[in-house]
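Inside the fold
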Protein chains: 2
Amino acid sequence: MNKAIFYHAGCPVCVSAEQQVLEALDKNRFEIELVHLGEDPSKISAAEQAGVLSVPALLLDGQVFHINFGASLAAVKGEE
Amino acid sequence: MNKAIFYHAGCPVCVSAEQQVLEALDKNRFEIELVHLGEDPSKISAAEQAGVLSVPALLLDGQVFHINFGASLAAVKGEE
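The sections below set out a description of the structure shown in this document. Each chain carries its own residue numbering, running from 1 in the written order of its sequence. Here every chain gets a letter starting at A, and every ligand a number starting at 1, in the order they are written. Where totals are concerned, whole chains, interfaces and linings use all residues; where local detail is concerned, this predicted model gives features only for residues with pLDDT of at least 70, and gives and counts side-chain atom pairs only at 80 or more. Side-chain numbers come from the whole structure's heavy atoms, not from hydrogens or water.

1. Some remarks on the pattern of salt bridges
All names here are of chain A. By definition here, a salt bridge exists when the distance from a side-chain nitrogen of Lys or Arg to a carboxyl oxygen of Asp or Glu is within 4 Å. All told, the structure shown has 14 salt bridges over all chains when counted by the stated rule. With its nearest N and O atoms 2.9 Å apart, the salt bridge here joins Asp26 to Arg29. A single salt-bridge network, built from bridges that share partners, covers Lys3, Glu31, Glu33, Asp40 and Lys43.

2. Description of the side chain of Asp26(A)
Put simply, DSSP H or I for four residues or longer makes a helix, DSSP E for two residues or longer makes a strand, and each gets a number counted from the N terminus. As for its placement among the helices and strands, Asp26(A) is situated in the loop between helix H1 (12-24) and strand E2 (30-36). Burial classification: accessible surface area is computed with a 1.4 Å probe over protein chains only, and a residue below 20% of its type maximum counts as buried, one above 50% as exposed, and the rest as partly exposed. Taking relative accessible area as the criterion, Asp26(A) reaches 9% and is therefore assigned buried. N or O atoms within 3.5 Å of each other form a polar contact, as long as, within protein, one can give a hydrogen and the other can take it, and as long as residues adjacent in sequence are counted only when both atoms are side-chain atoms. Among the polar contacts made by the side chain of Asp26(A), one reaches the main-chain amide nitrogen of Asn28(A) at a distance of 2.9 Å. Excluding residues within four positions of it along the chain, Asp26(A) makes contact with Ala24(B), Leu25(B) and Asp26(B). The contact criterion used throughout is that any non-hydrogen atoms of two residues lie within 4.5 Å.

3. Quick word on the relation of the copies chain B and chain A
Take chain B, turn it by 180°, move it 0.0 Å along the axis, and it overlays chain A with an RMSD of 0.0 Å. With respect to symmetry, the two chain copies, as superposed, fit the operation of a two-fold axis. Same-surface contact between copies: 100% of interface residues of chain B are shared with the interface of chain A. The fit set for superposing copies consists of C-alpha atoms from residues with pLDDT of at least 70 in both; the fit itself is least squares.

4. Quick notes on H1(A)
In this model, H1(A) (13 residues) spans 19 Å end to end at C-alpha, consistent with the 18 Å of a helix rising 1.5 Å per residue. For H1(A), every residue scored as buried is listed here: Cys14(A), Val15(A), Ala17(A), Glu18(A), Val21(A), Leu22(A) and Ala24(A). One less than the residue count of a helix, multiplied by 1.5 Å, gives the span that helix is expected to have.

5. Observations concerning the nonpolar core
Joining through side-chain atoms within 4.5 Å is the link that ties buried Ala, Val, Leu, Ile, Met, Phe, Trp, Tyr and Cys residues into a set, and such a set is a nonpolar core. Leu25(A), Leu58(A), Leu60(A), Leu25(B), Leu58(B) and Leu60(B) are the most contacted members of the largest nonpolar core, which totals 24 residues. Counting residues per element, the ones that place at least two in this core are strand E1 (2-8), H1, strand E3 (57-60) and strand E4 (63-68) of chain A together with strand E1 (2-8), helix H1 (12-24), strand E3 (57-60) and strand E4 (63-68) of chain B. Apart from the residues lying within four places of it in its own chain, the contact partners of Leu60(B) are Gln20(A), Val21(A), Ala24(A), Lys3(B), Ala4(B), Leu25(B), Phe30(B) and Phe65(B).

Structure representation (C-alpha cells):
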C-alpha cells in the first residue's frame, strides 16, 4: 500500500479545498493519513524531516508537494 | 466522470514530480488531461479563466490547486 499524508493547520477554507485533493486520490492504492499540526504539534518534527516547509502539504510516498490553494475572497466570506 | 486538468510549462523536474500526483488520482473517477502551456499557448486564456495563476496547477472539477513542488537542488543537478 502506498502512503499519502496530508499536513494542515486547520484553516477551514484550506481544509475544505484540500480534502477535495484527498478525495481524488485512489484509495485502493493509497493509505491516507490526515495530520493537523496545530492539534498534534508532536508531529511537526517528523513533518520537517520529511521536507515539509509549509502547510497545507501532501506527502506521497515520501515526496512532498506544497499545495497552495489560493482561497478566493468569496470563500473567505463564506459565499461559496 | 470527474475531470482533472494538470497545467504545466515543461520544467522536467516539476513534470516528473507532478506526474506523481496525477498517478495517485483515481482514474476510475477522473478523466485526466495534461496541458503543456508552453507548447499549446492557445490554452492559456482558458487556464486564466479557470483561475490558474501559476504552473504547475491542478484543476479538479473546476477548483484550482497550485502545486508548488520545491525541487531539491539534488534533483536539479540530476542526482535523484
